[in-house]
Amino acid sequence: MKIIKKNSEKGFALPLALLLLVVMTIMGATLVNITSTEHNANTNKDSNQQTFYAAESGISVAKNWMVGNISKFSSSPPNNLDGQLRFCKASFFPNLKSSNNGFYTERKSLNQVISASGDEATRLSNYSFEYFIAYSPDVNGNNSSGTKKSGTNNILYTIYSCGCNAAANTCSSQNNVIVPLEAVVTLVN
Amino acid sequence: MRSKNSGFTLAEVLVATVIGIISIAAAFASYNYFNKSYKSISQKAYINNTAREALSILTKELRNTGYVDPNYLANSPESNRTERTVRMDFISVSSKRFGGKYGQSDYLQLWYTNSAKESHYIVYMLQKYQDSNDYYLAKYATLNRHASNANMYMRNELFIPYVEDFQVILKDKEGKILVPVCDSGCGSVEDSQGRLTVVNTKYGQLTKGQANVDLVHTAEIYLTLRSPKEVYAKAKPTKIINGEAPHGSNIDIPADKYHRETFFVSVHTRNLAKHVAISEQTGTSIGESSSYNK
């Protein structure tokens, strides 16, 4: 009496195990993929956030410079700003035609304005801002002359600040994340 | 001695069967495990992804809220634009209006300009899916709302899927909760609390809700999302507490198998409560500033 045929020794355990293994490998690979995508997205988000704060630091540094250099605002702007700007261009600001008519520009890495040491200083040195201060542009984007805030005698200035996720001297608008930010201010005596 | 065809002994067959069963069981168990973590991770990643994208848009809009381009008032195609009428549009939160599945969510309206001739009026509210009892955060956006050719370029767009709760809590500089902050269309709670109270401001007489707009320093957003599909093997009840009572939410959800996560952002609404920077040496100060984030 043949209870077990030779053929039936092939069984189903091996193909089943192989099939499950393949399915699990695919799932595992997808999981790794999802996780790494998420990780990257989070890192990017974090970097963008930091870059935004760098742009904000630019605004406050610019405000400080303004209140310390009131006299420089009594005459018209010295011009020729475009050549001095490294990564913060007028084209980032749709309401401004040219950044040429500006009073002042400055570019710094964050470790130059925030004192820190060790890892924190390294981290800060990888973010920078560049700002320029100009008359607020008119409706056509021209800012060669100043306009006054309606109902007052105060001239409107705009601080254009760009944050960058690289050091001030290496940042380029092609390769880095640039966050443009603008603030309209007046000087009050 | 066994002949070639004599097969196996009972003991051999038993041992082989047991080993076979164990290995198949192990394979299935690990498959199950993989499958479960795959499901839950892909659902969690989905939630995270949508929340991250959506909140960064919402954050940017809140930062810009109340930004009036210096040339806007003189050049806007919209009718009746003055400092007073414009600021009425800035921001408004109605609690428990379009409250979603659990009736406790908020309704947010905000407004900003991005050039001399363009203003954006944006509304967020929970809306029900047509084919289920769940809600999504819907976005409405209108270009130049008060112009004759106002263009609602987003109408009931699905902004964030499967939202359980959406809370907007506005705070002043000291961190005190501001209620109400609204123009028209505040919910009944605000009506009885403050809309009828008249306050004198530099813009003339305003209701308390309108006057509060100038005090908004921070906007805190709580967003509780649910996974679209069931994740857990066992049902368990959920409790959601967003914000501080009585202005937040406190929701009890009966046991189910969904995954829920709450996201929180706090945004400095720089164009609403404005500060003045003063230089110590000269006494010169930077006047009210307004800023725009492209």
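Residues numbered from 1 in each chain as written. Chains lettered and ligands numbered in written order. Predicted model: local features only at pLDDT ≥ 70, side-chain atom pairs only at ≥ 80, totals over all residues.

Student: Explain the interface of chain A and chain B to me, please; I cannot follow it from the model alone.
Tutor: How big an interface is tends to be expressed through the accessible area that disappears when the partners come together. Contact residues are listed per partner, giving 44 residues for chain A and 38 residues for chain B. For the side of chain A that touches chain B, the secondary structure elements donating two or more residues are α1 (13-68) and β4 (178-188) of chain A. Counted by class, the side of chain A that touches chain B contains 28 nonpolar, 10 polar and six charged residues. (Contact = placed C-beta atoms within 7 Å. Helix = DSSP H or I, 4+ residues; strand = E, 2+ residues; numbered from the N terminus. Nonpolar A, V, L, I, M, F, W, Y, C, P; charged D, E, K, R; others polar.)

Student: When you look at the pairing of strand β9 (residues 218-226) of chain B in this model, what are you seeing that I'm missing?
Tutor: Regular strands place their side chains on alternate faces of the sheet. Residues and elements named next belong to chain B. Where burial is concerned, most of β9 is hidden: seven out of the nine residues are buried. Relative to β9, strand β6 (residues 163-171) is paired through eight bridges, and the arrangement is antiparallel. Within the sheet, the bridge partner assigned to F166 lies in β9 and is L223. Pairing analysis gives nine bridges linking β9 to strand β12 (residues 260-268), with the strands arranged antiparallel. (Buried ≥ 20, exposed ≤ 12 C-beta atoms within 10 Å, placed from the backbone. Pairing = 2+ DSSP bridges.)

Student: Whenever I open this one, the sheet that holds strand β4 (residues 135-143) of chain B confuses me. Can you help?
Tutor: Sheet strands line up and pair through hydrogen bonds in the backbone, either parallel or antiparallel. Residue and element names in this part refer to chain B. The sheet built from five strands is open, its strands ordered β1-β2-β3-β4-β5 with antiparallel pairing. Either end of the sheet is taken by a strand with one partner, and the two such strands are β1 (91-95) and β5 (151-160). Between one strand axis and the next, the sheet turns by 20° as a mean value, whatever way the strands run. When strand β2 (residues 106-115) meets strand β3 (residues 118-128), the two strands line up antiparallel, connected through seven bridges. Bridge pairing links L110 to I122 in β3. (Axes fitted to C-alpha atoms, helices over the stretch in contact; angles between N-to-C directions.)

Student: Explanation requested: the nonpolar core in the structure shown.
Tutor: Grouped burial of nonpolar side chains is what soluble globular proteins tend to show. In this structure, L137(B), I160(B), V163(B), L170(B), V181(B), V216(B) and L223(B) are the most contacted members of the largest nonpolar core, which totals 48 residues. At the level of elements, α1 (10-64), β1, β2, β3, β4, β5, β6 and β9 of chain B are the ones that each hand at least two residues to this core. Beyond its immediate sequence surroundings of up to four residues, L223(B) is in contact with A51(B), L55(B), I160(B), V163(B), F166(B), T262(B) and F263(B). One finds M66(A), C88(A), A90(A) and C162(A) within the second-largest nonpolar core, a separate group that totals 37 residues. (Core = buried A, V, L, I, M, F, W, Y, C linked by C-beta atoms within 7 Å.)

Student: Just to check I follow, could you spell out unusual backbone geometry for this structure?
Tutor: Most peptide bonds adopt trans geometry, and most residues besides glycine take a negative phi value. Residue and element names in this part refer to chain B. At the junction of V179 and P180, the peptide bond is cis and its omega measures out at -5° in the coordinates. Checked against the element boundaries, P180 lands in the loop between β6 and α4 (188-195). In this model, N80 sits at a positive phi of 55°, which is unusual for a non-glycine residue. Secondary-structure assignment places N80 in the loop between α2 (72-75) and α3 (83-89). Despite not being glycine, N156 has its phi angle at roughly 50°, a positive value. Turning to its location among the elements, N156 is positioned in strand β5. A tally of 13 C-beta atoms within 10 Å means that N156 is categorised as partly exposed.

Student: What's the story with α1(A) in this structure? I'm lost.
Tutor: The terminal C-alpha atoms of α1(A) lie 81 Å apart, and with 56 residues this matches the ideal 82 Å at 1.5 Å per residue to within 8%. Along α1(A), the positions that sit buried rather than exposed are T51(A), F52(A), A54(A), A55(A), E56(A), S57(A), G58(A), I59(A), A62(A), K63(A) and M66(A). (Expected span 1.5 Å × (residues − 1).)

Student: How should the pairing of strand β2 (residues 128-135) of chain A be read in this particular structure?
Tutor: All names here are of chain A. Here β2 lies mainly inside the structure; eight of its eight residues are buried. The sheet contact formed by strand β1 (residues 102-109) and β2 spans seven bridges and is antiparallel. Each residue of the ladder has a partner; that of S109, found in β2, is S128.

Student: Looking at this structure, how should I read the packing of α1(A) against α1(B)?
Tutor: In a pair of packed helices, the angle between the axes and the distance between the axes together describe the arrangement. For the pair α1(A) and α1(B), interaxial distance at closest approach is 9 Å and the crossing angle is 20°. As far as their axial angle goes, α1(B) and α1(A) are roughly parallel. For the pair α1(A) and α1(B), the crossing hand works out as left-handed. By residue class, the composition of the contact of α1(A) with α1(B) is 17 nonpolar, nine polar and three charged. (Parallel < 35°, antiparallel > 145°, perpendicular 65-115°, else oblique. Left-handed = near helix turned anticlockwise from the far one by under 90°.)

Student: What is the right way to read the sheet that holds β9(B) from this model?
Tutor: Residue and element names in this part refer to chain B. Pairing within the open sheet is antiparallel, and its three strands lie in the order β6-β9-β12. The sheet terminates laterally at β6 and β12, the two strands that pair on one side only. Going across the sheet, the axis of each strand differs from the next one's by a mean of 10°, ignoring polarity. Against the sheet, α1 engages β9 and β12, with an angle of about 20° to β12.

Student: Looking at this model, I keep getting lost on the environment of S98(A). Mind explaining?
Tutor: All names here are of chain A. Residue placement: S98 occurs in the loop between α1 and β1. Look at S98 and you get partly exposed, because 17 C-beta atoms sit within 10 Å. Distance in space between the C-alpha atoms of S98 and A166 is 24 Å, their sequence separation being 68 residues. In this structure, S98 is in contact with D82 and A90, ignoring residues within four places of it in sequence.

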